[in-house]
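Single-letter residue listing:
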Amino acid sequence: MRIESVSLKDFLSHDRTQVNFKGEINVIIGQNGAGKSSIIDAITFALFKEARENVSELIRKGSKSAEVELILKEGSNSFKVVRSIPASDYFYENDKLSARQSREVDKKVESIGLNKKVMLSTTFVKQGEIESVFEDLTGVLKKVMMIDSLEKLTSSDGKIKRLIDAYEVEMKSYQRYEDELKRVSSDILSTSSDIATLEASVSSLQDELHRLHELEDIKSKEVATLEEKFKVYTEVRTQLETNRRERTQILNELDSYKDLDSQLAESQTRLKELQELTKKKDLISKLESETKRYQELNIVLRDEMKRRDSIKANLDLKEKLEPYHKEYQELYQKQRDLREAYEKFRELRAALCERRRQRDLNSKKLAAVKLVRKAEDLERELSLMSAERDEAHNEISRLELELVQIRKGREALISANEGKCPVCGGPLDEAHRKELIDKYDRREREIVGEMESLQRKYESLKREVEILNKQLSEARSNESLIKTIQENLEGLNQEIAQLEASLSELTEKANQYELINERLEHLKEYEDEYNSVRSYKEEDLYELEEMLATHEHTLHDVKEEINNLKREVGNLTRDQIERAELELQEVTNRLNELNKKRGKREELVKRRYVLEESIERLKQKLDALNFEEEELRKAKVELDSIRRQVQTVERDLGEKRGKLEQMRISLSNLERTKRDLETKLSEANKLRNEKERLEKLRQVLSESRLQSFLISTLISRIENNLNDIMSMFNMSFSRVTIRMGSTKGLKGKVEIKVYTQSGQELQIGLLSGGERIALALALRIAIARSLMGELGFMILDEPTTHLDSERRTELLSIIRDSMNVVPQIIVVTHDEEVLQIADYVLRVEKLGDVSRVKEEVIQ
Ligand SMILES: Nc1ncnc2c1ncn2[C@@H]1O[C@H](COP(=O)(O)OP(=O)(O)OP(=O)(O)O)[C@@H](O)[C@H]1O
């Protein structure tokens, strides 16, 4: 088995490193802290999940997870272990995933011959620890053979002792089962004897029961025969008695029918009488209806007579009102002829009133409009005032111009130079200038005063012109209003005159109309009364009188009919007839009943003769039967007595059988209990044996003899291997021995001795440094080979540390020689000298915080 490659991802100082081990001696070289050992750490972690520190510390700082992948090769087989932090572990065999849990992967690694304890103690050689194998060889052997675990197992608080104690406790609990077994065995004996006694008693009871059953059988048959006879006897007797009872009943019943014929005759006679009587019911009904009709006709006749009297009175009234009606009609016609003229008259009169009202209104308006001043006068005055105002305004303008001139002249005078006067052109001196300026000032003051008074005058004239303008416009509008009203008044007067003329033409007709109207209102009452009776006619009266005569005649006929019916009915009342009807119903029912009875009587007579014959026949049958009830009673009593005996014996037998069953169950329970107890006690025996075995095992395991035996067995194997390996290391020793120490102080300890060519014994301490290293390496390989078979690889971390140059050379040659025993060696070093033996070099450097690995060409 050799390591093919290892790759590190964010593992310690490596971010992404792939290392292929192509040589036999693979040297990983680099400065201190470059990240060389990290590669060995990756291999150790991949194989055994083992770390120098806490596993989480293996993750490269700044990363969240780390992963290592190790590929191993053995012949054509390849194995891949992948382990990540946080945990996820995989194991592939020939690229096929075969385990995925941490423990499963561990097992797989072990199964391919890589034992963690052995390898970490032997072929994984840590920095400066090659020789440490001598220091505690016993400890190393115990560890790799797991004897330390054995000691833990057999200690006083170890697993075996705890198991023995548990068996002890359990066995104690079995003591009570032995006592129980004794008691149960004795119970089985006594129960078995009781069962035998009971079985004998059950057998004699069964015999007795058999005899009684035979007796019961004979008696039962005898009783059955007698009961059969008794059944026939009872039936015949019952029949006979029934027949006799029925015959007595029939005779009694026939006796009750002795008056039946006379009752029948009597009922039939009464039936005929009642039938005659009820026939008169129709006559009474007719009489009642005729009487009712008579009364109704009478009422109708009286109503019609009243109507005739009323018509007569209304006809008289109509005749009396006839002249008024005539006058009313004539006046009404006349009024209609005059209506148009009257309407016209009313219309004109209303129009006249309206015009007169308007005329009054206009007269009042005219009086209200006052004319203060005439427009003509006002116009004249206004033109005078306006001229005066304009004059004042012109004067003011003139004065303003003069004032400007004066001011200009004054300023020119003030600014004029000595010499020439700007006003008069003569010489100008100061006196002249002053005189002229004073003159100008005076004139200016005068003008200003004049202008102020003119301005006031102008303002007052302006106001007066405005007032006159207003008065003028008022006067003008009043004048036009007065003119309009006067024109209106004239028109109205003309219209009034025309209307008055027209009215006078119509006045007579209007008066006529009103007189007629007055008379019509007076006649209206008569006319209304006349209208209420105008529909009455003489013909209606005649018609009614004829109808009255017919009705009177009919009434007379009905009266006749009533008298005839009364004579026929006589004193008979409706009540009497209804009572007769009820009685007729009763008699009919009674007659029906009597007829039914007559039928029944005939049936009874027939039945009586049948019964007489049957009674005679049954009597003869009873005599022929010759049966005695006493005989049956006696046989039954005897049968009952036998059956009671059977029941008693059966009950006894049942009880005894029940008891027997009970006892058998108890016995079987006891036997089962016995068996269970025996089984349990056999368990106790097993426990005892087990406990004894464990005690022996503990004794054997804890005996130093065994450990010594095991170790010595292994030691001889190691010794052989060691000598083989040493022979390949080209050493001058003839032999190396490994022994368990026997002398005091060395007992139980392993001792290594070396023999020279001349056969002299040498202690390890006396060997040279190089010899010791060679022996140590050989011993490590020998132990590993003894326990795991042929080795695939060995790892040496900084093996040359603390060695002087001579010893380094020796070590290198030993490593080279180791190739004969271990096909693949991986050496981690910072020592360039080691490169001498390398056939494959990997250089590790630190770039910043990250380690980089490069394959280096060997010179
Ligand atoms: N978790 C980590 N993340 C990143 N770098 C780490 C981590 N743990 C340790 N280191 C660094 O890795 C380097 C140690 O690597 P390693 O032990 O492999 O070095 P080496 O080359 O074997 O050195 P030496 O020869 O001194 O033993 C150191 O520089 C250390 O600071």
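Keep in mind that this is a model prediction, so the values were computed, not measured. (Residues numbered from 1 in each chain as written. Predicted model: local features only at pLDDT ≥ 70, side-chain atom pairs only at ≥ 80, totals over all residues.)

With respect to the overall build of the protein
Okay, step 1: Helices and strands together make up the secondary structure of the protein, namely 18 helices and 17 strands.
Okay, step 2: Per-residue burial over the protein gives 15% buried out of 859 residues.
Okay, step 3: Considering only intrachain contacts with a sequence separation of at least 6, the fraction spanning at least 24 residues in the protein is 79%. (Helix = DSSP H or I, 4+ residues; strand = E, 2+ residues; numbered from the N terminus. Buried ≥ 20, exposed ≤ 12 C-beta atoms within 10 Å, placed from the backbone. Contact = placed C-beta atoms within 7 Å.)

As for the site of the ligand
Okay, step 1: Taken together, the neighbourhood of the ligand is formed by 14 residues, with Ser13, Asn32, Lys36, Ser37 and Ser38 sitting nearest.
Okay, step 2: A breakdown of the residues in the shell around the ligand according to their chemical character gives 2 nonpolar, 8 polar and 4 charged. (Near = placed C-beta within 6 Å. Nonpolar A, V, L, I, M, F, W, Y, C, P; charged D, E, K, R; others polar.)

A few points about the sheet that holds strand β13 (residues 761-763)
Okay, step 1: Taken together, 3 strands build an open sheet; the order of strands is β11-β12-β13 and the sheet is antiparallel. Both edges of this open sheet fall to β11 (735-740) and β13, since each of them pairs with a single strand only. Each adjacent strand pair in this sheet contributes to an overall mean axis angle of 35°, direction not counted.
Okay, step 2: Pairing geometry for β11 and strand β12 (residues 750-755), over 6 bridges, is antiparallel. Bridge pairing in β12 links Val736 to Val754. (Pairing = 2+ DSSP bridges. Axes fitted to C-alpha atoms, helices over the stretch in contact; angles between N-to-C directions.)

Side note on helix α14 (residues 574-625)
Okay, step 1: In a regular helix each residue adds 1.5 Å, so 52 residues correspond to 76 Å; α14 covers 75 Å between its end C-alpha atoms and thus fits that length.
Okay, step 2: Residue Asn626 follows α14 closely and has a positive phi angle near 50°. (Expected span 1.5 Å × (residues − 1).)

Considerations on the nonpolar core
Okay, step 1: In terms of nonpolar packing, the biggest core is built from 83 residues, with Val6, Ile43 and Ala778 touching the most fellow members.
Okay, step 2: Considering every element that reaches this core, the biggest residue donor is helix α17 (residues 769-788), with 11 residues.
Okay, step 3: Every residue in contact with Ala778, bar those within four places of it in the chain, is listed here: Leu722, Ile725, Met726 and Phe729. (Core = buried A, V, L, I, M, F, W, Y, C linked by C-beta atoms within 7 Å.)

Describing the confidence of the model for the protein
Any residue range with low pLDDT should be treated as having predicted coordinates unsuitable for detailed reading.
Okay, step 1: On average, residues of the protein score 87 in pLDDT, and 96% of them reach the 70 mark or higher.
Okay, step 2: Within the protein, strand β4 (residues 66-74) carries the highest mean pLDDT (96), whereas helix α6 (residues 147-154) carries the lowest (65).
Okay, step 3: Complex prediction metrics read pTM 0.44 and ipTM 0.97. (pLDDT = per-residue confidence, 0-100.)

Things to note about the environment of Arg534
Okay, step 1: In this fold, Arg534 is placed in the loop between α12 (430-533) and α13 (538-569).
Okay, step 2: On the basis of neighbour count, Arg534 is assigned to the partly exposed category, with 14 C-beta atoms found within 10 Å.
Okay, step 3: Remark: the alpha-carbon pair of Arg534 and Leu321, spanning 213 residues in sequence, is separated by 9.6 Å.

Brief notes about the pairing of strand β1 (residues 2-11)
Okay, step 1: Here β1 pairs with β4 via 7 bridges, running antiparallel. Looking at β4, one finds that Val6 is bridged to Leu70.
Okay, step 2: Bridge analysis of β1 against strand β2 (residues 14-20) gives 6 bridges, and the strand direction is antiparallel. Looking across to β2, one finds that Lys9 is bridged to Arg16.

So, the packing of α17 against helix α18 (residues 805-818)
Okay, step 1: Here α17 crosses α18 at 30°, and the two axes come no closer than 9 Å. Accordingly, the angle class assigned to the pair α17 and α18 is roughly parallel. Handedness of the crossing formed by α17 with α18: right-handed. Across the interface between the two elements, Gly769, Gly770, Ile773, Ala774, Leu777 and Ile781 of α17 pack against Arg807, Glu810, Leu811, Ile814 and Ser818 of α18.
Okay, step 2: Looking at side-chain class alone, the contact of α17 with α18 contains 6 nonpolar, 3 polar and 2 charged residues. (Parallel < 35°, antiparallel > 145°, perpendicular 65-115°, else oblique. Left-handed = near helix turned anticlockwise from the far one by under 90°.)

Things to note about the pairing of strand β7 (residues 96-99)
Note on strand geometry: in a regular strand, side chains alternate between the two faces of the sheet.
Okay, step 1: Pairing of strand β6 (residues 88-93) with β7, which is carried by 3 bridges, proceeds in the antiparallel orientation. From the neighbouring strand, Phe91 faces β7, where its bridge partner is Ala99.
Okay, step 2: A loop of 2 residues connects β6 with β7, the two strands running antiparallel in sequence, and Asn94 in this loop sits at a positive phi of about 45°.

Comments concerning the packing of helix α11 (residues 375-415) against α12
Okay, step 1: At their nearest, the axes of α11 and α12 sit 7 Å apart, and the two run at 160° to each other. By the angle class used here, α11 and α12 are roughly antiparallel. At the point where α11 passes α12, the crossing takes the left-handed sense.
Okay, step 2: For the contact of α11 with α12, the residue count by class is 22 nonpolar, 6 polar and 16 charged.

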